[in-house]
There are 4 protein chains.
Amino acid sequence: MKTRVTIYNEGVHEQTKENVRAIYPNGIHGALKEALETDEVSVSCYTLDTVNEITDEVLDNTDVMLWWGHARHAMVPDEVAARVRDAVLKGMGIVFLHSGHHSKPFRLLMGTSCNLTWRENGDMERLWVVNPAHPITQGLGRYFELPHVETYGEPFGIPEPDEVLFIGWYSGGEVFRSGCTFHRGNGRIFYFQPGHETFPIFYDENVRLVIRNAVKWAKPIYRVPELLCPHVKKPGEEE
Amino acid sequence: MKTRVTIYNEGVHEQTKENVRAIYPNGIHGALKEALETDEVSVSCYTLDTVNEITDEVLDNTDVMLWWGHARHAMVPDEVAARVRDAVLKGMGIVFLHSGHHSKPFRLLMGTSCNLTWRENGDMERLWVVNPAHPITQGLGRYFELPHVETYGEPFGIPEPDEVLFIGWYSGGEVFRSGCTFHRGNGRIFYFQPGHETFPIFYDENVRLVIRNAVKWAKPIYRVPELLCPHVKKPGEEE
Amino acid sequence: MKTRVTIYNEGVHEQTKENVRAIYPNGIHGALKEALETDEVSVSCYTLDTVNEITDEVLDNTDVMLWWGHARHAMVPDEVAARVRDAVLKGMGIVFLHSGHHSKPFRLLMGTSCNLTWRENGDMERLWVVNPAHPITQGLGRYFELPHVETYGEPFGIPEPDEVLFIGWYSGGEVFRSGCTFHRGNGRIFYFQPGHETFPIFYDENVRLVIRNAVKWAKPIYRVPELLCPHVKKPGEEE
Amino acid sequence: MKTRVTIYNEGVHEQTKENVRAIYPNGIHGALKEALETDEVSVSCYTLDTVNEITDEVLDNTDVMLWWGHARHAMVPDEVAARVRDAVLKGMGIVFLHSGHHSKPFRLLMGTSCNLTWRENGDMERLWVVNPAHPITQGLGRYFELPHVETYGEPFGIPEPDEVLFIGWYSGGEVFRSGCTFHRGNGRIFYFQPGHETFPIFYDENVRLVIRNAVKWAKPIYRVPELLCPHVKKPGEEE
């Protein structure tokens, strides 16, 4: 059976900023879809305009979600954010990209501020592979570079990750835990730093490889319901 | 300077149930206050009736909070729960007791369902010390017993704890990670299973020792503000 | 390509104790081989008599190793133990069974005493599934039982595991982290408590399912050499 | 009672290399002793020449050990290394400095290769504080800089740390988890990257502050023996 990917991309900058539209004429979601879609992987896309269509039914039929948002986090309804969190707890995988660190579902899942420091300066980022045996880093060398990115800096207000896979080095002097895994409930979570909208980052072959690997890694092996406080019978009672 | 402890105890069962009032005539908070208050430790108490008085000012002047709730989690206003979470992220320590696992602040901090299975059967619980070198287990033997408790069972829907300090063995056949530590932002969190309202658990000397140890452990060494996404200057800009 | 499993079973008790031989006429390794071998999985076996034949070549051609030892840990040569550790660091998966907790390779990989407390009393063990979404617990219910086991007790002198998958409840009153995962270098490690030689535990269908699941989980996705302190070139030098 | 610190410094470079002697006329241990000794802290020093004098009695009377080694790791006797590991498991704190990452006690405690990549180029290192609420980072700003260091690079072959406190940014383009905590058995471990012998790093005020903080943090609260597989009595037997 195909891996079913659902992309949420805010999709606002592509409409309001000429330079972003020039890079992503079909939206960031369009570039991601193009990177992921194969005979093995089907992709559906939602933007802020259609965010309410991300129903439980859509999520129940999603193996892995990708989430990109930036300027309009607050406009995602609380119910949609809670729905996405609950789907992860039941087993759906999710990949948060770049400024998705401040999205409602990421903050709900982390329980922390998810704050960080940032600078828009067109820095070069060199992403070092900290864990070369992980499925998500498969096929990369010791590091790869992105010529221009938005700089993110520590401290990054997240819980201690299960695994730090990438640490980013920025030409301007910062460092960042640019690739982190978590698991919450039955679902797997990957946060990946690259993806600022004013640079063609989602066309980069290494970035695409990481995202493809992450989708494979985050796909649930099997789906179990989150336990809803089942009553444990007394000894002697029938279960 | 004294350690400043703030207790939230829902305080409903003590009013509505005769058998609970008989055990805790001064409320669960009264028993906890009695266990903690010394020349070194000052204690303030709040109940559901006064929950709105848990203001930012109160929290800024709290080193460690204790939280007990059960039947009325939903009646704690969202703003209060968010305030408590934010205080933890800034450095306040917090100890969640028993059914506090389903309280709003605990769920906000964990990001997961915090579900578990349970049974009210008056089981004996033997709490095994998994980490005998931890400050919270100092002064205990290899285990201690509580003759009657509410049984909690795995799976417990929490993120992987930093440390599992106690595993509970129940006479009816369950096990539970009965003492777990976490850190989120700048604050330390301890979850402790014992404390069902129909048993005199908060008079038990081992339980009191654990809670006193936990208060010492969770007290912030120093307070730093949670970083609010400070802008990183470009090289050359003044900071 | 087949998954290549290599079993080390000490194989002493089966020769020296009538009651063990009666249960495992073909050795514990024979029972494990029978449980694992399929069209997809090939199995090779070694015992203390042939332990020196576990060469680097054997390990380079092993996807996942199983290790059972008890009375003769000290007779496993240090070089063999170091070879096994190094193979794990390079990516080989390994499953340590029961008293393998005190084997040389496990202690080398953990860096701790790996001590525990124990009692031979024929207790019943109920193994609770703490993480129902993990590949290793796939296909199990909420718990399964073994009518007679050797009791192991906490504290278990291991580093904090990546994940606790099973907690054992013993009828005599102990608890134990009976299933734990770790990763070290590029390799995955699973420790599993059941397997005392005087009980027919390796014929139990749930135990066999767990071990089969663990082999699938521990199989390396791809093999990378452990980095041997490569010199990083100065900027300008050729790499 | 005073905090009792024991320093092991290999002490070879100070004898064989003029430039190192010029920086550390009293040895690296001399500089560290000077940084630590107060009315509250007593310091004893050992070098490779006296390494055999690091007996169990010395370790039993040590709260926190500092370990610096580089060229002569192999000459530290295995028994001394095992003794140090065992003291940590019993509760002694330990701080490994710089090239101590490849020392025998660190490798024994980690169970991994502890390999890394390195370059001697006089790079500037900027150490970012990843966890500003930790006792070890108390009193530092968001980062501090060392004008010339030996560059260390990822991947660093260690188990996932409990906490990453510092990430180093190097002017030549590398990153490194420059400050990491672990706990093993009853003891606390801190690894700290700075300290190359050809630069006056141990005179730097920020480095000294970190080491002083680490000594306070690693000091055992109380000492418990590592459990030596105590037999658990059968129910009914006397304990």
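Look up a bit, the structure's there.
All figures in this text were calculated on a predicted structure; none of them were measured in a lab.

1. Let's talk about the sheet that holds strand β8 (residues 175–184) of chain B
Residues and elements named next belong to chain B.
In step 1: Ordered in space as β2-β1-β3-β4-β9-β8-β7-β5-β6, the nine strands form an open sheet in which the pairing is mixed. The sheet is open, and its two edges are formed by β2 (41–46) and β6 (143–153), each paired on a single side. Across this sheet, the average inter-strand angle for adjacent strands is 25°, counted without regard to direction.
In step 2: Against the sheet, helix α5 (residues 78–90) engages β3 (64–68), β4 (93–97), β8 and β9 (187–192), with an angle of about 120° to β9.

2. Topic: helix α7 (residues 205–218) of chain C
All names here are of chain C.
In step 1: Given a rise of 1.5 Å per residue, 14 residues ought to cover 20 Å, and the 20 Å separating the end C-alpha atoms of α7 matches this to within 8%.
In step 2: For α7, every residue scored as buried is listed here: Val 207, Arg 208, Val 210, Ile 211, Asn 213, Ala 214, Val 215, Trp 217 and Ala 218.
In step 3: At the N-terminal end of α7, a side-chain oxygen is found 2.9 Å from the backbone nitrogen of Asn 206, two or three residues along, and the residue is Asp 204.

3. A look at the side chain of Arg 184 of chain C
In step 1: Relative to the helices and strands, Arg 184 of chain C resides in strand β8 (residues 175–184).
In step 2: No salt bridge forms around the buried Arg 184 of chain C; measuring N to O, its nearest opposite-charge neighbour Asp 162 of chain C is 4.8 Å away.
In step 3: For Arg 184 of chain C, the residues in contact, after removing those within four places along its chain, are Val 88, Leu 89, Leu 109, Pro 159 and Ile 189 of chain C together with Met 110, Thr 112, Pro 159 and Arg 184 of chain D.

4. Concerning the pattern of salt bridges
In step 1: For the coordinates displayed, the defined rule picks out 45 salt bridges over all chains.
In step 2: For Arg 119 of chain C, the salt bridge identified is with Asp 123 of chain C, shortest N-O distance 3.1 Å.
In step 3: Each of Arg 119, Asp 123 and Glu 174 of chain A takes part in a single network of salt bridges with overlapping partners.

5. A few points about the packing of aromatic side chains
Residue and element names in this part refer to chain A.
In step 1: For the coordinates displayed, the defined rule picks out 54 aromatic pairs over all chains.
In step 2: Ring centres of Phe 144 and Phe 166 lie 6.1 Å apart, and the angle between their planes is 85°; on these two criteria the pair is classed as edge-to-face. Of the two residues, Phe 144 is situated in strand β6 (residues 143–153) and Phe 166 in strand β7 (residues 163–170); the sequence distance between them amounts to 22 residues. Like Phe 166, Phe 144 is buried.
In step 3: When the ring of Tyr 152 is compared with that of Phe 176, the centres are 5.5 Å apart and the planes differ by 80°; the resulting orientation is edge-to-face. Within this pair, whereas Tyr 152 is found in strand β6, its partner Phe 176 is found in strand β8 (residues 175–184), the two being separated by 24 residues in sequence.
In step 4: Residue Phe 176 is classed as buried on the basis of its relative accessible area, which comes to 0%.

Definitions and limits used
Residues numbered from 1 in each chain as written. Chains lettered and ligands numbered in written order. Predicted model: local features only at pLDDT ≥ 70, side-chain atom pairs only at ≥ 80, totals over all residues. Heavy atoms only, no water. Pairing = 2+ DSSP bridges. Helix = DSSP H or I, 4+ residues; strand = E, 2+ residues; numbered from the N terminus. Axes fitted to C-alpha atoms, helices over the stretch in contact; angles between N-to-C directions. Contact = heavy atoms within 4.5 Å. Expected span 1.5 Å × (residues − 1). Buried < 20%, exposed > 50% of the residue type's maximum accessible area, 1.4 Å probe, protein only. Polar contact = N/O pair within 3.5 Å; in protein donor to acceptor, adjacent residues only side chain to side chain. Lys, Arg positive; Asp, Glu negative; His and termini not counted. Salt bridge = Lys/Arg side-chain N within 4 Å of Asp/Glu carboxyl O. Phe/Tyr/Trp six-rings, centres within 6.5 Å; stacked < 30°, edge-to-face > 60°.

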